[in-house]
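Coordinates in review
What follows is the residue order along each chain.
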Amino acid sequence: MEKRFRYKSLEDLVFEATTFGISFPLSENTRVFAQSLVVSGKTIPNRFVVQPMEGTDANPDGSPGPLTWRRYRRFALGGAGIIWFEATAVSETARANEKQLFLSAHTLDSFKKLVMEVKETCLKENGYVPYLVVQLTHSGRFGKHKKIIFHDEYLDGVAKIGKDHPVMTDEELDTLKYDFLKAAILSKEAGFDAVDIKACHRYLLSESLAAHTREGKYGGAYENRTGLLKDIVSLVRKEVDIDVVVRLNVSDFIPYPYGWGTDKQGTLDFREPRRLLLELKELGVKMVNVTAATPYLLPHVNRPYDQMGRHNPPEHPIVGTARLIQLSKLVKEVVGDDVLVVGSGLSWLRQFSAFVGAGMLRERYCDLVGYGRMAFAYPDFARDILNKGFLDANRVCITCSKCAELKAFNENCGCVVRDQEIYLPIYKRMEERIK
Ligand SMILES: Cc1cc2nc3c(=O)[nH]c(=O)nc-3n(C[C@H](O)[C@H](O)[C@H](O)COP(=O)(O)O)c2cc1C
């Protein structure tokens, strides 16, 4: 099946969608993105979100490195209402690798400076201050210490976890709550508006939701599996004066009993995610950023991409894009007005994403529209849509997956196609190394 993007017009794309029985929400009125929102008395100046995108370019101590600074300066100039800082470890053991950001007492000053500069730059260039979220994470089985909550038939192999690999104890998980709390206190000091208690992509807290086969207080029953995430949310809400938000896997799309939000076939079972969403709302979570699956097993579900080079998705990316859009709609229907919902996974739609995003806002599938890979390729996407009403087709992300390859090989990560000066040489070196 031809899975490569070939649409010359929005009509072409809409026609192809109908052949799959898909109907995207659409609006050519992109002025809807300019409407501000207020959360906890703070203004979110527009409806765009720069999604968390790991650059794998921190200094060894976890402070932002030169390319980290460059990326966030570009995002600040780009004018999105929310800049959602990438996965940032809550402890040294929680780190994915030695190039992942780590917020600690030791690195606090550098985060403070970066936050200040992002706010000032956006104010100077765009006339408003963005709302800044930091994504706090423990990388779990995909981290450098390969910490697991249970053995998983689908993901042990992917993460190179042997049969005898130890499972984290209940006591270790108890302690982890305080690592998140410590990082949330530092996030407040650094000047962030919100902390994201990351529960997606099968990193540690996401894995905990799927711990059907684990024994003890964090496994088995729904209350046990969701307890760790909810305890952390409650603890941070109680102890720190900062907004709490969650990037949530609505479903892992891994068959039960190894997946969250799925049946035995690995298709969506929304009953538990619905219950958790309502509980998170009760706990005062201000925003849910919708996502699904893990890029290590089902990258086409997590970030729909085109067939290019080594990359050959098993389904048409139009299907994956529509799935993520539908998940956003489901989440919004559950949480109503009290929780803001961020839609994800639009980059494959390229320049037409602006009209689908506007449609999502108009039809209340979400309150904010997030861009991940697009932000690497076209960091001022928000400014262009806000000022011109459309995206430049020559600058959009082409979902070639090269940024994801760089991340997978632990290289500094950005857009190899649209930001060639920096990332093409890095990509070429990586290719030489892995040949
Ligand atoms: C290189 C790379 C790094 C990413 N880093 C993160 C991250 O730190 N945290 C996160 O929640 N998602 C991360 N994602 C997922 C994106 O935020 C986003 O959900 C995904 O790319 C789909 O959105 P898009 O179609 O706009 O790219 C990453 C994706 C890529 C390709």
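Residues numbered from 1 in each chain as written. Predicted model: local features only at pLDDT ≥ 70, side-chain atom pairs only at ≥ 80, totals over all residues.

**A short note on the overall build of the protein chain**
Counting its regular elements, the protein chain contains 15 helices and 11 strands. Taking 2.2 N^0.38 as the reference for a compact globule, 435 residues should give roughly 22 Å; the C-alpha atoms of the protein chain span a radius of gyration of 20 Å, in line with that estimate. Taken over the C-alpha atoms alone, the protein chain extends approximately 55 × 50 × 45 Å along its principal axes. Counting only residues that meet the buried cut, the protein chain has 54% of its 435 residues in that class. In the protein chain, the proportion of contacts linking residues at least 24 apart, taken out of those at least 6 apart, comes to 70%. (Helix = DSSP H or I, 4+ residues; strand = E, 2+ residues; numbered from the N terminus. Rg over C-alpha atoms; globule rule 2.2 N^0.38 Å. Buried ≥ 20, exposed ≤ 12 C-beta atoms within 10 Å, placed from the backbone. Contact = placed C-beta atoms within 7 Å.)

**Re the packing of helix H8 (residues 271-282) against helix H10 (residues 317-335)**
Where H8 meets H10, the closest approach of the two axes is 9 Å, and the angle between their N-to-C directions is 50°. In terms of their interaxial angle, H8 and H10 are classed as oblique. As for how H8 packs across H10, the hand of that crossing is right-handed. Residues Arg-274, Leu-277, Leu-278 and Lys-281 of H8 lie in contact with H10, whose contacting residues are Val-331, Val-334 and Val-335. Across the contact of H8 with H10, the residue classes break down as five nonpolar, no polar and two charged. (Axes fitted to C-alpha atoms, helices over the stretch in contact; angles between N-to-C directions. Parallel < 35°, antiparallel > 145°, perpendicular 65-115°, else oblique. Left-handed = near helix turned anticlockwise from the far one by under 90°. Nonpolar A, V, L, I, M, F, W, Y, C, P; charged D, E, K, R; others polar.)

**Considerations on the site of the ligand**
Around the ligand sit 24 residues in total, of which Pro-52, Ala-87, Ser-347, Gly-372 and Arg-373 are the nearest. Taken together, the elements giving at least two residues each to the shell around the ligand come down to strand S4 (82-89), helix H12 (373-377) and helix H14 (402-408). Of all the elements, H14 adds the most residues to the shell around the ligand, at three residues. The residue makeup of the shell around the ligand includes at least three contributed by each of domain 1 (10-398) and domain 2 (401-435). (Near = placed C-beta within 6 Å. Domains from an automatic or database assignment.)

**Observations concerning the pairing of strand S11 (residues 368-371)**
Alternating residues of S11 divide into Leu-368 and Gly-370 and Val-369 and Tyr-371, and every residue in both groups is buried. Looking at chain direction, strand S10 (residues 340-343) and S11 are connected through two bridges and run parallel. Opposite Gly-343, over in S11, you have Val-369 as the bridge partner. A crossover connection joins S10 to the parallel S11 through helix H11 (residues 353-362); in handedness this β-α-β unit is right-handed. (Pairing = 2+ DSSP bridges. Right-handed = clockwise from strand over helix to strand, strands pointing away.)

**Focus on the domain arrangement of the protein chain**
Taken domain by domain, the protein chain consists of domain 1 (10-398) and domain 2 (401-435). Computed over C-alpha atoms only, the centres of domain 1 and domain 2 are separated by 22 Å. Listed per partner, the contact involves 19 residues of domain 1 and 12 residues of domain 2. Looking at the side of domain 1 that touches domain 2, the elements that each hand over two or more residues are helix H2 (66-78) and H12.

**Examining the packing of helix H3 (residues 108-126) against helix H5 (residues 170-190)**
The N-to-C vectors of H3 and H5 enclose an angle of 45°; their axes lie 8 Å apart at closest approach. Between H3 and H5, the crossing angle belongs to the class labelled oblique. Viewed along their axes, H3 and H5 form a crossing whose handedness is right-handed. Facing Leu-108, Phe-111, Lys-112 and Val-115 of H3, the residues of H5 in contact are Leu-186, Glu-189 and Ala-190.

**Re helix H15 (residues 420-434)**
Helix length check: H15, at 15 residues, gives a terminal C-alpha distance of 20 Å against a target of 21 Å (1.5 Å per residue), a fit within 8%. Residues of H15 that are buried in the fold lie against H14. (Expected span 1.5 Å × (residues − 1).)

**Quick word on H11**
Residues spaced three or four apart along an α-helix point in a common direction, a consequence of the helix completing one turn every 3.6 residues. Of all 10 residues in H11, nine are buried, a share of seventy percent or more. Turning to H11, its buried residues number three or more, namely Ser-353, Ala-354, Phe-355, Val-356, Gly-357, Ala-358, Gly-359, Met-360 and Leu-361. At its buried positions, H11 is contacted by helix H1 (10-19), H10, S10, S11, H12 and helix H13 (381-388). With its phi angle positive at about 60°, Arg-364 sits one or two positions after the end of H11.

**Some points on the environment of Asp-380**
Looking at the element boundaries, Asp-380 is found in the loop between H12 and H13. Here Asp-380 falls in the buried class, since 20 other C-beta atoms lie within 10 Å of it. Distance in space between the C-alpha atoms of Asp-380 and Ala-76 is 8.6 Å, their sequence separation being 304 residues. The residues touching Asp-380, leaving out its near neighbours within four places in the chain, are Leu-77, Gly-78 and Gly-79.

**Focus: unusual backbone geometry**
In this structure, Pro-257 follows Tyr-256 across a cis peptide bond, with omega equal to 10°. When you line up the elements, Pro-257 lands in the loop between strand S8 (243-249) and H8. One non-glycine residue, Phe-253, lies in the positive phi region at around 55°. Locating Phe-253 in the fold gives a position in the loop between S8 and H8. Judged by the 22 C-beta atoms lying within 10 Å of it, Phe-253 falls in the buried class.

**Observations concerning the pairing of strand S6 (residues 131-137)**
The buried count for S6 comes to seven of seven residues, which makes it a mostly enclosed element. Going residue by residue along S6, you find Tyr-131, Val-133, Gln-135 and Thr-137 tucked away on one face and Leu-132, Val-134 and Leu-136 tucked away on the opposite face as well. Strand direction decides the pairing type here: S4 and S6, joined by seven bridges, are parallel. Note on S6: the bridge partner recorded for Ile-83 is Leu-132.

**Here's the deal with the nonpolar core**
The biggest cluster of nonpolar side chains holds 136 residues, and the ones touching the most others in it are Ile-83, Val-195, Ile-197 and Val-288. The residues contacting Ile-197, other than those within four sequence positions of it, are Leu-136, Phe-180, Leu-205, Leu-229, Ile-232, Val-233, Val-236, Val-244 and Val-246. (Core = buried A, V, L, I, M, F, W, Y, C linked by C-beta atoms within 7 Å.)

**Re the environment of Ala-221**
Along the chain, the position of Ala-221 falls in the loop between helix H6 (204-209) and helix H7 (222-239). Under the C-beta neighbour-count criterion, Ala-221 is labelled exposed, with 10 such atoms within 10 Å. The spatial distance from the C-alpha of Ala-221 to the C-alpha of Ala-211 is 8.8 Å, given a sequence separation of 10 residues.

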